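Understanding the architecture of this molecule
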Amino acid sequence: MGKNMGKEQCYLEIMKRIDILFTPTKEERDRLSRRLSRMNETELNNLYLNFDLMGIDTILEYLCECYL
């Protein structure tokens, strides 16, 4: 994925990956969704790209420890 996506598209792609790979509870999903909603387009695109570079576990651990 070389080009940036719009904020909404990027948000949806990240949430889809979280749902598939992590299977969060409703509360976890709601908290992650709220946190992602506060990110700007650049932050979301960087996070999405980092899924491939760093792996889902590292990204989710960071989000949960720092923001939930």
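Higher on the page you've got the structure.
Model, not experiment: these values are computed from the prediction.

1. Some thoughts on the overall build of the chain
Looking only at helices and strands, one finds four helices and zero strands in the chain. Counting the 68 residues in the chain, one finds 31% classified as buried. At a minimum sequence separation of 6, the contacts of the chain that also span at least 24 residues come to 67%. Just so you have it, the chain exposes about 4,500 Å², and 49% of that area is on carbon and sulfur atoms.

2. Considering the nonpolar core
Cys-10, Ile-14, Ile-18, Leu-36, Leu-44 and Leu-47 are the most contacted members of the largest nonpolar core, which totals 15 residues. Secondary-structure elements contributing two or more residues to this core are helix H1 (7-22), helix H2 (26-37), helix H3 (41-54) and helix H4 (56-67). Top contributing element to this core by residue count: H1, with five residues.

3. With respect to H2
Taking 1.5 Å of rise per residue, twelve residues should cover 16 Å, and H2 covers 16 Å from first to last C-alpha, within 8% of that figure. If you check which residues of H2 are buried, you get Leu-32, Ser-33, Arg-35 and Leu-36. Projection of H2 onto a plane perpendicular to its axis shows the buried side chains occupying an angular sector of 165 degrees, all on one side. Of the exposed residues in H2, the ones pointing more than 90 degrees away from its buried face are Lys-26 and Glu-27.

4. A few points about the packing of H1 against H2
In contact at an axis separation of 11 Å, H1 and H2 are set at 155 degrees when each is read in the N-to-C sense. Taken together, the axes of H1 and H2 are roughly antiparallel relative to one another. For the pair H1 and H2, the crossing hand works out as right-handed. Of the residues in H2, those touching H1 at Lys-7, Tyr-11, Ile-14, Met-15, Ile-18, Asp-19 and Phe-22 are Glu-28, Arg-29, Leu-32, Ser-33, Leu-36 and Ser-37. Within the contact of H1 with H2, the residues separate by chemical class into seven nonpolar, two polar and four charged.

How each quantity is defined
Residues numbered from 1 in each chain as written. Predicted model: local features only at pLDDT ≥ 70, side-chain atom pairs only at ≥ 80, totals over all residues. Heavy atoms only, no water. Helix = DSSP H or I, 4+ residues; strand = E, 2+ residues; numbered from the N terminus. Buried < 20%, exposed > 50% of the residue type's maximum accessible area, 1.4 Å probe, protein only. Contact = heavy atoms within 4.5 Å. Areas by Shrake-Rupley, 256 points an atom, 1.4 Å probe, with all protein chains shown as cover. Core = buried A, V, L, I, M, F, W, Y, C linked by side-chain atoms within 4.5 Å. Expected span 1.5 Å × (residues − 1). Arc of directions from axis to C-beta. Axes fitted to C-alpha atoms, helices over the stretch in contact; angles between N-to-C directions. Parallel < 35°, antiparallel > 145°, perpendicular 65-115°, else oblique. Left-handed = near helix turned anticlockwise from the far one by under 90°. Nonpolar A, V, L, I, M, F, W, Y, C, P; charged D, E, K, R; others polar.

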